[in-house]
Amino acid sequence: MRSAIILFPGINRERDMARALTRATGTAPAIVWHKETSLPPVDLIVIPGGFSYGDYLRCGAIAARSPIMPDLIARAEAGVTVFGVCNGFQVLTETGLLPGALMRNADLKFVCRDVHLRVETAGTRFTNRYTQGQVIRTPVAHGDGNYFADPETLARLKGEDQIVFRYVGPNGKPAENANPNGSIDDIAGIRNARGNVLGMMPHPEDYIEPAQGCSDGLGIFESMAAALEQA
Amino acid sequence: MIPNDIPITPELVADHGLKPDEYQRILDLIGREPTFTELGIFSAMWNEHCSYKSSRLWLKKLPTTGPRVIQGPGENAGVVDIGDGQAVVFKMESHNHPSFIEPYQGAATGVGGILRDVFTMGARPVAALNTLRFGDPDHPKTRHLVSGVVAGIGGYGNSFGVPTVGGEVNFHPRYNGNILVNAFAAGIASTDGIFYAAAAGIGNPIVYLGSKTGRDGIHGATMASAEFGEDAEEKRPTVQVGDPFSEKLLLEACLELMQTDAVIAIQDMGAAGLTCSAVEMGAKGGLGVELDLDHVPCRETGMTAYEMMLSESQERMLMVLRPGKEDVARAIFEKWDLDFAVIGKTTDTRRFVIRRHGDVVADLPIMELGDEAPVYDRPWVETEPAAPVDPHAVPATASIGEALIKLMGSPDLCSRRWIWEQYDHLILGNTIQRPGGDAAVVRIEDGPKALALTLDVTPRYCEADPVEGGKQAVAEAWRNLTAVGAAPLAVTDCLNFGSPERPEIMGQLVGAIEGMAAACEALAFPVVSGNVSLYNETSGEAILPTPAIGGVGLLPDFDRSATLAFKAEGETILMIGATGGHLGQSLYLREMLGREDGPPPPVDLEAEKRNGDFVRALIGEKRVSAVHDCADGGLIVAIAEMALAGDIGATLSRTPHSLPPHAYLFAEDQARYVLTAPADEAERIVREAAAASLNVSVIGTTGGKALTLDGEDPIYLSTLRACHEGWLPDYMER
């Protein structure tokens with residue numbers, strides 16, 4: 001499976017992401033500079049976390065308009081798998097590939113801590129290694145992760161099974177303090193209607209081995225490797 | 001526009017922080033009256049912050065060499081060999097004055113400055129830590145300062161992309177008018193890819209890289225070299241503004257350029273900006289430097305030579321390139337959208353020549369600018385020894401449980417989670433031990449090697465006895481590294497004191513350095529970098545003497561490290577080290593009785609070494625399940641922290657009859673560790689420790705959901721947790 005990481009200036013979790021992709025797929029991802037205008041032929045395009053363009057103007061807004069993006073959008077529309085984490089999720093909402101928006105955390109503070117996620121839909125190319133309703137632990141590290149969508153969009157996300165991860169307590173039930181940022185309906189990650197684009201705020205790439213305290217995040221990368229290897 | 005030929009009056013000299021005799025020294029040195037720009041350059045080079053004029057004589061007493069030391073003090077950061085062709089590069093620096101005036105930007109640019117020091121040497125930063133001291137929680141400014149400083153540290157480090165993995169935070173009224181923000185950073189470099197400041201070669205291009213120069217931070221270093229009065233607020237324009245986004249680009253561009261053979265020398269523009277960096281590069285290389293300021297990228301129009309030479313705009317670098325390599329460097333910097341300009345060249349004249357609009361505005365002897373800075377052997381007096389505190393004479397004002405709950409929920413011992421959850425402590429995916437333990441552990445790439453990192457100092461000990469306090473700060477750093485299983489390598493320091501012009505303050509500095517030197521010597525723990533911050537006082541009241549120590553250790557295998565959390569029920573709890581019931585300067589005395597008296601606990605450096613080496617070997621052999629050093633608050637606080645971290649309680653043995661229980665449990669005697677192990681292993685450890693003539697005692701057994709002591713009601717972990725976790729968020733958000 002071939003993957004590529006898009007590098008915007010200010011992205012800072014590309015090393016973490018490259019390690020996770022290499023571990024799960026056996027091959028290091030290509031690193032594609034934002035000033036390029038076309039991507040190499042790949043099965044998976046990843047936008048990692050960070051502060052692209054310093055988060056100036058609005059998180060992800062400038063990156064969404066950089067030279068590489070028209071090709072990325074075209075590939076996504078052609079069905080190539082796209083995965084955005086944290087700032088990557090923000091960029092994907094700014095391009096319109098994913099609905100909704102990410103606002104300042106409800107308490108206005110940056111937050112870095114463990115959260116528990118419930119896998120809301122296990123059959124996807126991102127989650128086939130998990131079981132439906134499984135609770136996994138991942139860290140969050142963001143200041144703008146407060147997901148918002150209008151009622152119509154939210155209804156569609158629910159109806160079309162597009163909500164992939166929700167913040168829950170350790171027992172899988174909604175809980176006080178489980179949601180670190182005030183996201184509507186405890187949403188942590190969503191996919192597009194076609195199912196080939198996933199955006200999420202937590203960082204599964206930082207929990208892929210016991211030394212990091214938890215390996216729950218590796219499943220996402222193994223899921224993508226399994227799904228895309230077969231393709 | 002400020003002209004360069006304005007008359008130099010005594011008032012103007014004084015406004016530049018130069019004393020009349022220092023100005024006379026300038027006149028003698030150059031044989032004429034300086035130009036306005038030259039006066040600015042002298043004030044930048046000869047202030048306390050840049051010249052170390054009050055501390056230099058004493059800093060020489062610190063041991064700075066060792067078999068692993070590649071670079072000691074004097075460069076941007078210290079460099080220590082960690083084997084396999086790798087080196088750890090680290091330093092700590094103060095940003096106290098700016099952080100008091102403007103907490104967010106002051107703290108943010110403190111982090112930016114120290115990160116730049118590390119990557120200037122060719123290292124990729126892998127960890128950041130910070131030592132913070134705030135005033136009384138009840139002081140009207142404290143909450144605002146905590147909030148701003150924490151947001152600033154997070155705002156810079158999180159965006160730059162370095163994990164902030166630990167540090168120290170304390171509160172004391174003596175910091176009401178002058179908080180401390182000391183930022184530490186460590187990076188990893190190849191031993192064959194370390195870059196230095198010394199320029200080489202004649203006629204080589206000097207290039208300016210990074211962000212544009214603006215009017216911010218002018219005279220920042222001079223401001224940092226004076227005490228505050230009531231007018232601190234007016235100094236806000238001297239505080240720099242940070243841009244972590246530019247710094248991240250600068251990091252990547254510099255490291256990319258360093259992979260080529262283009263770079264001869266590199267120096268970041270920190271304190272005193274272009275002046276200090278250019279003079280250091282020339283003076284270290286024994287060369288002259290000529291700069292044409294018309295080529296300096298500026299953010300604003302109409303900047304004068306004076307302003308450009310003294311600006312402390314952030315995220316800027318100066319390099320000497322190999323001739324003909326300008327295009328290679330330019331291409332890399334333009335890729336990263338950073339400014340690149342050739343602004344001068346090296347010469348064989350040993351003169352520092354500055355041109356602006358075709359005129360020479362400064363022409364000074366470069367070696368003397370640094371070397372001939374004044375050095376003062378300032379008068380000093382020893383701190384009066386404090387009367388001892390007899391443990392039998394200290395009353396128990398509450399039950400052990402009540403006292404423990406009060407201490408665990410006190411500002412100095414409560415959980416710092418509210419702070420470190422605002423720092424990205426996991427980025428890079430190598431954080432093995434997070435904030436909250438004895439030392440942070442950060443894996444080096446995919447391992448198995450790892451660094452251990454800690455910052456320590458106990459200012460109330462230093463105030464009572466600077467020599468013992470200095471020793472204790474070093475010993476505690478060494479102990480914290482040992483407690484996670486690391487071999488201590490070397491230290492960086494940040495010496496924060498009041499005005500050296502007062503003999504009692506100078507005596508604190510002299511004493512602390514003496515104690516530090518003794519401890520560094522005895523523990524083979526050399527000082528490889530550091531910073532001195534004096535004049536930390538407002539309206540005549542100095543801070544507590546705060547010689548912060550940053551310790552770095554090496555773990556050959558991160559899998560062979562220890563954490564403080566209790567791991568299992570029914571394990572034996574051991575203590576290594578002797579308890580003498582030392583309550584002088586203890587938190588028990590302060591929190592329970594409102595007393596801040598007595599001498600600090602004495603530091604027995606031989607016992608430190610013996611006990612520490614024994615504990616480290618046990619961790620390396622995987623024979624102990626949890627380890628914690630015994631520090632602030634004493635044995636019972638250490639046990640409570642271990643219990644809370646593991647969510648497992650403990651039953652403690654009857655306390656020895658020789659001491660009242662509260663003296664035994666809250667004493668702050670040094671060189672002690674608490675360990676746990678399965679019962680049979682614990683028996684073997686006790687036998688081995690006794691055979692090695694170490695003080696060892698069985699102090700209890702893990703289990704349950706409370707701490708159980710003889711004759712006391714159970715102290716429930718839930719109660720302890722509520723007060724321990726509650727104080728800081730309640731304070732900040734009420």
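Caption draft 1: Examining the overall build of chain B more closely. Across its full length, chain B carries 25 helices and 28 strands. With respect to the principal axes defined by its C-alpha atoms, chain B has extents near 85 × 50 × 45 Å. Pairs at least 24 apart in sequence give 85% of the contacts found in chain B among residues at least 6 apart. As presented, chain B carries roughly 23600 Å² of accessible surface, and 51% of it is formed by carbon and sulfur atoms. Of note, chain B has its 59 positive side-chain charges centred 3 Å away from the centre of its 101 negative side-chain charges.

Caption draft 2: Highlighting empty space enclosed by the protein. As enumerated under the stated definition, the model contains 5 cavities of 30 Å³ or more in all. Approximately 110 Å³ is the volume found for the largest cavity. In terms of lining, the largest cavity is formed by 18 residues, of which the most central are A:Gly50, A:Phe51, A:Cys86, A:Ala141 and A:His142. Here the lining of the largest cavity is composed, by residue class, of 6 nonpolar, 8 polar and 4 charged. The volume enclosed by the second largest cavity comes to roughly 90 Å³. Of all the elements, helix H10 (residues 244-258) of chain B adds the most residues to the lining of the second largest cavity, at 3 residues. Within the lining of the second largest cavity, the residues separate by chemical class into 4 nonpolar, 2 polar and 5 charged.

Caption draft 3: The interface of chain A and chain B, seen in detail. Contacts between chain A and chain B engage 29 residues on the former and 34 residues on the latter. Buried area between chain A and chain B, summed over both chains or domains, comes out near 2500 Å², and the portion from carbon and sulfur atoms is 50%. For chain A, the biggest contributors to the area lost against chain B are A:Arg15, A:Arg19 and A:Cys112; these three give 22% of the whole. Here chain A and chain B share 8 salt bridges between them. The partner of A:Arg13 in a salt bridge is B:Asp424, with the nearest N and O atoms 2.6 Å apart. Summed over the shared surface of chain A and chain B, the result is 19 residue pairs in polar contact (both at pLDDT 80 or more). Elements supplying a minimum of two residues to the side of chain A that touches chain B: helix H1 (14-25), strand E6 (111-119) and strand E7 (135-142) of chain A. A per-element tally of the side of chain A that touches chain B places H1(A) first, with 5 residues. The residue inventory of the side of chain A that touches chain B, partitioned by class, reads 13 nonpolar, 4 polar and 12 charged.

Caption draft 4: Region of the structure containing the sheet that holds strand E24 (residues 650-652) of chain B. Residues and elements named next belong to chain B. Here 7 strands make up an open sheet; going across it, the order is E23-E25-E22-E26-E24-E27-E28 and the pairing mixed. The open sheet has two edge strands with one neighbour each: strand E23 (626-629) and strand E28 (715-716). The pairing of strand E22 (residues 572-576) with strand E26 (residues 696-702) spans 5 bridges and is classified as antiparallel. Note that in E26 the partner of isoleucine 576 across the bridge is valine 696. With respect to the sheet, helix H22 (residues 634-646) is in contact with E22, E23, E24, strand E25 (673-677), E26 and strand E27 (706-708), its orientation differing from that of E23 by roughly 140°.

Caption draft 5: The arrangement of the pattern of salt bridges in detail. All names here are of chain B. Inspection of the entire model under this criterion finds 70 salt bridges over all chains. Notably, a salt bridge pairs aspartate 597 with arginine 595, separated by 3.1 Å at the nearest N-O pair. Close ionic contact of glutamate 681 with arginine 623 constitutes a salt bridge, the shortest N to O distance being 2.8 Å. In this pair, glutamate 681 sits in helix H24 (residues 679-691) while arginine 623 sits in the loop between helix H21 (605-620) and E23, placing the two residues 58 residues apart along the sequence.

Caption draft 6: Layout of the side chain of B:Glu247. All names here are of chain B. Mapped onto the elements, glutamate 247 comes out in helix H10. Judged by its relative accessible area of 0%, glutamate 247 is buried. Of note is the side chain of glutamate 247, whose polar atom sits 3.2 Å from the side chain of tyrosine 156. If we ignore the near neighbours within four places in the chain, the residues touching glutamate 247 are Gly112, Leu115, Arg116, Phe119, Tyr156, Phe160 and Glu315.

Caption draft 7: Summary view of the sheet that holds strand E14 (residues 431-433) of chain B. All names here are of chain B. The strand order E14-E15-E16-E21-E17-E18 describes an open sheet built from 6 strands, whose pairing is mixed. Single-partner strands in this sheet number two, and they are E14 and strand E18 (527-533). The sheet shows a mean angle of 20° between the axes of neighbouring strands, taken without regard to direction. By the bridge criterion, 7 bridges tie strand E16 (residues 450-456) to strand E21 (residues 546-555) in an arrangement that is antiparallel. Each bridged residue has a counterpart across the sheet, and for leucine 453 the counterpart in E21 is valine 552. Strand contacts of helix H18 (residues 466-483): E16, strand E17 (487-496) and E21, with the helix running at about 150° to E16, the strand carrying the most contacts.

Caption draft 8: Spotlight on the packing of aromatic side chains. Residues and elements named next belong to chain B. Under the definition given, this model contains 17 aromatic pairs over all chains. Plain terms: the ring middles of phenylalanine 90 and phenylalanine 184 are 6.0 Å apart, the flat faces sit at 35° to each other, and that makes the pair tilted. With phenylalanine 90 in strand E3 (residues 86-94) and phenylalanine 184 in strand E6 (residues 180-190), this residue pair connects regions lying 94 residues apart in the sequence. Under the relative-accessibility criterion, phenylalanine 90 is labelled buried at 0%. The exposure class of phenylalanine 184 is buried, given its relative accessible area of 1%. Pairing phenylalanine 134 with phenylalanine 171 gives two aromatic rings, centres 6.0 Å apart and planes at 35°, and the pair type is tilted. Taken as a pair, phenylalanine 134 in strand E4 (residues 124-134) and phenylalanine 171 in strand E5 (residues 164-171) lie far apart in primary sequence, 37 residues in all.

Caption draft 9: Structural detail: the nonpolar core. Membership of the largest hydrophobic core comes to 134 residues, with the highest contact counts inside it found for A:Phe83, A:Phe165, B:Met319 and B:Phe333. It is H10(B) that contributes the most residues to this core, 9 residues altogether. Within the second largest apolar cluster, 84 residues are counted, among which are B:Ala517, B:Val624, B:Val627 and B:Ala689.

Caption draft 10: Structural detail: the environment of B:Leu62. Residues and elements named next belong to chain B. Residue position: leucine 62 is located in the loop between helix H5 (56-59) and strand E1 (69-71). With relative accessibility at 7%, the residue leucine 62 sits in the buried group. Remark: the alpha-carbon pair of leucine 62 and aspartate 84, spanning 22 residues in sequence, is separated by 28 Å. Those residues in contact with leucine 62, other than ones at most four positions away along the chain, are Asp493, Ile513, Met516, Ala517 and Val527.

Caption draft 11: Molecular detail of helix H3 (residues 87-95) of chain A. Counting buried positions along H3(A) yields 8 of 9 residues, so the element is predominantly enclosed. For H3(A), the full list of buried residues reads A:Asn87, A:Gly88, A:Phe89, A:Gln90, A:Val91, A:Leu92, A:Thr93 and A:Thr95.

Caption draft 12: Representation of the state of the cysteines within the structure. The full count for this structure, using the stated rule, is 0 disulfides over all chains. Counting only cysteine sulfurs, A:Cys59 is the nearest neighbor of A:Cys86, a cysteine outside any disulfide, at a range of 8.7 Å. The thiol of B:Cys276 is not disulfide-bonded; the next cysteine sulfur, from B:Cys50, is found 4.1 Å away.

The rules behind the values
Residues numbered from 1 in each chain as written. Chains lettered and ligands numbered in written order. Predicted model: local features only at pLDDT ≥ 70, side-chain atom pairs only at ≥ 80, totals over all residues. Heavy atoms only, no water. Helix = DSSP H or I, 4+ residues; strand = E, 2+ residues; numbered from the N terminus. Contact = heavy atoms within 4.5 Å. Areas by Shrake-Rupley, 256 points an atom, 1.4 Å probe, with all protein chains shown as cover. Lys, Arg positive; Asp, Glu negative; His and termini not counted. Charge placed at Lys NZ, Arg CZ, Asp CG, Glu CD. 1 Å grid on protein atoms, 1.4 Å probe; cavity = no way out; pocket = protein on both sides within 12 Å on 5 of 7 lines; lining within 4 Å. Points joined across faces, edges and corners; volume = space filled by probe spheres on them. Nonpolar A, V, L, I, M, F, W, Y, C, P; charged D, E, K, R; others polar. Buried area = accessible area lost by both parts, 1.4 Å probe. Salt bridge = Lys/Arg side-chain N within 4 Å of Asp/Glu carboxyl O. Polar contact = N/O pair within 3.5 Å; in protein donor to acceptor, adjacent residues only side chain to side chain. Pairing = 2+ DSSP bridges. Axes fitted to C-alpha atoms, helices over the stretch in contact; angles between N-to-C directions. Buried < 20%, exposed > 50% of the residue type's maximum accessible area, 1.4 Å probe, protein only. Phe/Tyr/Trp six-rings, centres within 6.5 Å; stacked < 30°, edge-to-face > 60°. Core = buried A, V, L, I, M, F, W, Y, C linked by side-chain atoms within 4.5 Å. Disulfide = S-S within 2.5 Å.

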